[in-house]
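So the chains spell out like this:
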Amino acid sequence: MSLSSGAPLADPFPPELREQIEELLDAFERDRQAGGKAPITTFLESVPSPWRAAVFGVLLRAECEYLADIGRVPDISAYFDRYPEFHAILREEFRCAEAARDPCLLSARPCRDEIDQPRPSSTESAAAANLAVGAGALRGTRLRRDTSAEPTLCGGAGESPRIAIVGGGWAGLAAAVAAVEQGLRVELFEARSRCGGRAGLTISLASGLEVDFCRHLSLGCCTNWLDLIARTGCTELLSPPEGTYRFVSPAGQVCRFRAGRLPPPLHLWPALFSRTDLSFSTRWSIGSALMRLARSPGRSEQSFAAWLAEHGQTPQAIAGFWTPVVISALGDDIEHVSQAAARQVFVDGLLASAEAGRMVFARRTMSEVIQTVVRWLETKNVPIHHGTVVQSAQPDETGVVLRTGSGDKRFDYAVSAVPWWQVEKLVCFPSPSAEREKARAILRRAAELPVGTVAAVHLTYRRHWARAAHAVLIDRVGQWFFAEAADPAAPGVSAAFAPPAQSVEYSVPSSCIVAGRGEESSRKRVGCYQVVISGLHRLGDLSDAELTAKVRSELAAIWPEAAEAGFLDARVARHQRAVFVMAPGVDRDRPKAAAINDRLLLAGDWTDSGWPATMEGAVRSGRLAVEAILGHLGRTASLLSPELPRGLLFRLLLG
Ligand SMILES: Cc1cc2nc3c(=O)[nH]c(=O)nc-3n(C[C@H](O)[C@H](O)[C@H](O)COP(=O)(O)OP(=O)(O)OC[C@H]3O[C@@H](n4cnc5c(N)ncnc54)[C@H](O)[C@@H]3O)c2cc1C
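Residues numbered from 1 in each chain as written. Predicted model: local features only at pLDDT ≥ 70, side-chain atom pairs only at ≥ 80, totals over all residues. Heavy atoms only, no water.

Let us now look at the side chain of Thr365. Here Thr365 shows up in the loop between β10 (359-361) and α14 (366-379). Within the local environment of Thr365, its side chain forms a polar contact with the backbone nitrogen of Glu368, the two atoms lying 3.1 Å apart. Once residues lying within four places of it in the same chain are set aside, the contact partners of Thr365 are Glu210, Val211 and Asp212. (Helix = DSSP H or I, 4+ residues; strand = E, 2+ residues; numbered from the N terminus. Polar contact = N/O pair within 3.5 Å; in protein donor to acceptor, adjacent residues only side chain to side chain. Contact = heavy atoms within 4.5 Å.)

Below is the structure:
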């Protein structure tokens, strides 16, 4: 077995030591490559004593990752017997008790993102802390198994299994990345000319600017999506996490809602009490209902409206707080979503930790982020068949046959990552069998999942007028207002792009300059905005013109400057099946990855990912499908990222 270098070392060390560590890692790699088993401590002899524990941590993690990668459980308890205090420190540093019990978990991503400087000290506890710092410094697997010479698990001699992924939305892309990282051979089939699915759609504005069909928002609690972003080198394409929500009351009053310094779950109380558009008693009643929601179990059969009524929430509390959050997160109103789904939004997404609710957007477009993931896959030699509709996927005992316009192709496994309304016609069991009947029943129920429509009204004005990059609109047709990020490279947008003068509050530049007819002087700056309407189906049959008129007049009522900015153009983007709705009881109809077959796995935001219809849910589902494949191959692996750790006070108060 040979080894090859992988992820680099993060940099908490002084430069001269860093160089030495790199050399040690090389020596360590050579030793393991030659089948050596020299104890880690033998590599530490040349390391100056104050730094030994930290370097020990680096090598320990490399050892754990290497052993895990070749499918062995590292027996390193001997190291720990010598330093029992490491157990306590590791538990503290990695915020997971398992790390102390099972040091192999060091190979998982440490819960802490920032790496402190190791403290040069000879005391044992500082050494123990330094070990954890060192272990955290080695990101990802440095020593990777070279799978090219591995024996066949299934498929042709000497080859690793071949996996087909059908659908290039977030679920399919996440499955492809996870499978590649596990050494499987992957081919991806996407019906459209570009990957991205629902999150990758774009629309061209009158100015020529290409923007997201509908702005996608992610949160700090979306640990799997963020992890995928980091693994595929997309972090720079996202805006820095932002914690301030601007709630705009019907009267135009702007209340900033951001986590305070108190530990969770109290961090939201100051924000809640700054909502002066709500009466004091309403704020108090919302706060105490939030605490009760955290304490109560998730009830997937009960509507959230029923739960709020049970807990005395007034119409003002519902309209001013619960409804806008529920509709924008879950795509429908409180009557139509389950208490369990709403609980997940408020408790996991807001209350459990201060980072959970931090918003993340694509700096320019989500499509750009997705194309970067696609390029990452291409660099790993994954064939991506754009514009290829898979007509059927037919599983049997040893694999799956995919039918496309250019013929049939056999794979060891396939992951269906198509939406719920397309999966029934994709999956094919030709002969009658109990398995076919079971699959049909599962897919029929999935096809009937309740759907939520989402629309974005894109407005272009002669002048830029907004004072904020985004805002939550209360008691309005739309729930989110966004100023558009301009893409200087977009056709029609001048290379002389500059953010507007009023960009003080902006995390993204928010207007674009449209090239005039060749004359520098005729270039004009326009303001591009979108208002996102989740749960559009609740509003009845509004035409594009009616919707635009409503949105424009609401914006002008809130911000009079909008009325004076010179309206130029509107485009309405609607997605009739944007999301499935987390209605009471819907969880019963969301199948697990291996629900219909061991060779043909199901993925997609609609499957049983533990999350609602979001990019995070989609990524989780893709990873779960690959976990199921590995399980079938006899390899156990946990591919989901750890959730954000819950604060101590939260655990003490709310369990
Ligand atoms: C308007 C709108 C706004 C949203 N806002 C947010 C948001 O703010 N935050 C958030 O987290 N989520 C949001 N979502 C939800 C999010 O976009 C989805 O949950 C997620 O993108 C679903 O990913 P997926 O891979 O499961 O499915 P999809 O994105 O639907 O991907 C499925 C892919 O399969 C392909 N396909 C289908 N059939 C075949 C076939 N036979 N052969 C080959 N390929 C096929 C499709 O072309 C598509 O690319 C929004 C969705 C919409 C539509």
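A separate point is the site of the ligand. Residues in close proximity to the ligand total 34 residues, the closest being Glu190, Arg198, His216, Leu217 and Asp605. At 2.6 Å, a side-chain N or O of Glu190 approaches an oxygen atom of the ligand. One of the side-chain nitrogen or oxygen atoms of His216 is found 2.7 Å away from an oxygen atom of the ligand. Starting from 1,000 Å² of accessible surface for the ligand in isolation, the protein chains cover 91%. (Near = heavy atom within 4 Å. Areas by Shrake-Rupley, 256 points an atom, 1.4 Å probe, with all protein chains shown as cover.)

Attention shifts here to the side chain of Ser534. For Ser534, the location among the structural elements is in strand β20 (residues 524-534). A relative accessible area of 6% means that Ser534 is categorised as buried. (Buried < 20%, exposed > 50% of the residue type's maximum accessible area, 1.4 Å probe, protein only.)

Let's shift gears to the confidence of the model for the chain. In low-pLDDT segments, the atomic positions of the prediction should not be examined closely. When pLDDT is averaged along the chain, the result is 80; 76% of the residues meet or exceed 70. Across residues 1-8, confidence stays below pLDDT 50; counting only partners more than four residues off in sequence or on other chains, it has 29 contacts. This model gives residues 486-524 a pLDDT under 50, and the stretch forms 87 contacts once residues within four places in sequence are excluded. (pLDDT = per-residue confidence, 0-100.)

Below, the discussion takes up the packing of helix α10 (residues 280-295) against helix α12 (residues 315-330). The interhelical angle for the contact between α10 and α12, taken along N-to-C directions, is 60 degrees, at an axis separation of 10 Å. Taken together, the axis directions place α10 and α12 in an arrangement best described as oblique. Every pair of crossing elements has a handedness; the one defined by α10 and α12 is right-handed. In contact with Thr282, Ile286, Ala289, Leu290 and Leu293 of α10, α12 contributes Gln316, Ala317, Phe321 and Trp322. Class assignment of the residues belonging to the contact of α10 with α12 gives a composition of 7 nonpolar, 2 polar and no charged. (Axes fitted to C-alpha atoms, helices over the stretch in contact; angles between N-to-C directions. Parallel < 35°, antiparallel > 145°, perpendicular 65-115°, else oblique. Left-handed = near helix turned anticlockwise from the far one by under 90°. Nonpolar A, V, L, I, M, F, W, Y, C, P; charged D, E, K, R; others polar.)

Note on sheets: strands pair through backbone hydrogen bonds, and any given pair is parallel or antiparallel. Reading across from one edge, β12-β13-β14 is the order of the 3 strands in this open sheet, with antiparallel pairing throughout. A strand with exactly one partner marks an edge of an open sheet, and here the two such strands are β12 (392-395) and β14 (407-411). Direction aside, the axes of adjacent strands within the sheet are offset by 20 degrees on average. Pairing analysis gives 5 bridges linking strand β13 (residues 400-404) to β14, with the strands arranged antiparallel. Paired with Val401 across the strands is Arg410, a residue of β14. (Pairing = 2+ DSSP bridges.)

Moving on, we get to the sheet that holds strand β22 (residues 600-602). Here we have 5 strands laid out as an open sheet, ordered β11-β4-β3-β15-β22, and parallel in their pairing. What marks the edges here is a single partner per strand, and that holds for β11 (384-385) and β22. Bridge count for strand β3 (residues 162-166) against strand β15 (residues 413-416) is 4 bridges, and the pairing is parallel. In the strand pairing of β15, Ile163 is matched with Tyr413.

In this chain, Pro264 is followed by Pro265 through a cis amide linkage whose omega measures 10 degrees. Take Pro265: it is sitting in the loop between β9 (254-257) and α9 (269-273). Even without being a glycine, Asn381 presents a positive backbone phi close to 60 degrees. Tracing the sequence through the fold places Asn381 in the loop between α14 and β11. Assessed through its relative accessible area of 68%, Asn381 is described here as exposed. Despite not being glycine, Asp475 has its phi angle at roughly 60 degrees, a positive value. Tracing the chain through its elements places Asp475 in the loop between β17 (470-473) and β18 (480-483). Classification of Asp475 as exposed rests on a relative accessible area of 56%.

Among the nonpolar cores identified, the biggest contains 142 residues, and Trp170, Phe304, Trp322, Phe346, Leu377 and Leu402 are the most heavily contacted of them. In terms of residue count, the dominant contributor to this core is helix α7 (residues 170-181) (10 residues). Among all residues touching Leu377, those that are not within four sequence positions of it are Leu173, Ala176, Val177, Val180, Leu188, Val382 and Ile384. Counting residues in each nonpolar core, the second largest holds 24 residues, with Val477, Leu536, Ile558 and Ala565 among its members. (Core = buried A, V, L, I, M, F, W, Y, C linked by side-chain atoms within 4.5 Å.)

This brings us to the pairing of strand β8 (residues 245-248). Taking every second residue as pointing to the same face, both faces of β8 are buried, with Tyr245 and Phe247 on one and Arg246 and Val248 on the other. Two strands pair when backbone bridges link them, and β8 and β9 are joined in this way by 4 bridges, in the antiparallel orientation. Bridging across to β9, Val248 finds its partner in Val254. Hairpin remark: β8 followed by β9, antiparallel, with 5 residues in the connecting loop; positive phi at Gly252, about 90 degrees. Looking at chain direction, β8 and β17 are connected through 2 bridges and run parallel. Across the sheet, Val248 pairs through a bridge with Leu473, a residue of β17.

This part is about the pattern of salt bridges. The final tally for this structure, using the stated rule, is 25 salt bridges. Note that Glu187 is salt-bridged to Arg162, the shortest N-O span being 3.5 Å. You can see Glu187 sitting in strand β4 (residues 185-189) and its partner Arg162 sitting in strand β3, a full 25 residues away along the chain. Residue classification places Arg162 among the partly exposed residues on the basis of a relative accessible area of 24%. Among the charged side chains, a network of salt bridges with common partners joins Glu181, Asp227, Arg231 and Arg623. (Salt bridge = Lys/Arg side-chain N within 4 Å of Asp/Glu carboxyl O.)

Counted under the stated rule, the structure contains 27 aromatic pairs. Where Tyr245 meets Trp480, the ring centres are 6.2 Å apart and the plane angle is 50 degrees; that geometry is what we call tilted. With Tyr245 in strand β8 and Trp480 in strand β18, the pair connects residues that are 235 residues apart, well separated along the chain. Owing to a relative accessible area of 12%, Tyr245 belongs among the buried residues under this scheme. A ring pair is formed by Phe481 and Tyr529, whose centres lie 5.6 Å apart and whose planes are at 20 degrees; its orientation type is stacked. Here Tyr529 lies in strand β20 and Phe481 lies in strand β18, a separation of 48 residues in the sequence. Using a relative accessible area of 1% as the deciding quantity, one classes Phe481 as buried. Exposure remark for Tyr529: the relative accessible area of 1% places this residue in the buried category. Three or more aromatic residues link up through ring pairs in this structure, and these residues are Phe247, Phe257, Phe304, Trp307, Phe321, Trp322 and Phe346. Taking the ring centre of Phe567 as reference, the NZ or CZ of Arg552 above it sits at 3.7 Å. (Phe/Tyr/Trp six-rings, centres within 6.5 Å; stacked < 30°, edge-to-face > 60°. Lys NZ or Arg CZ within 6 Å of the ring centre and 35° of its normal.)

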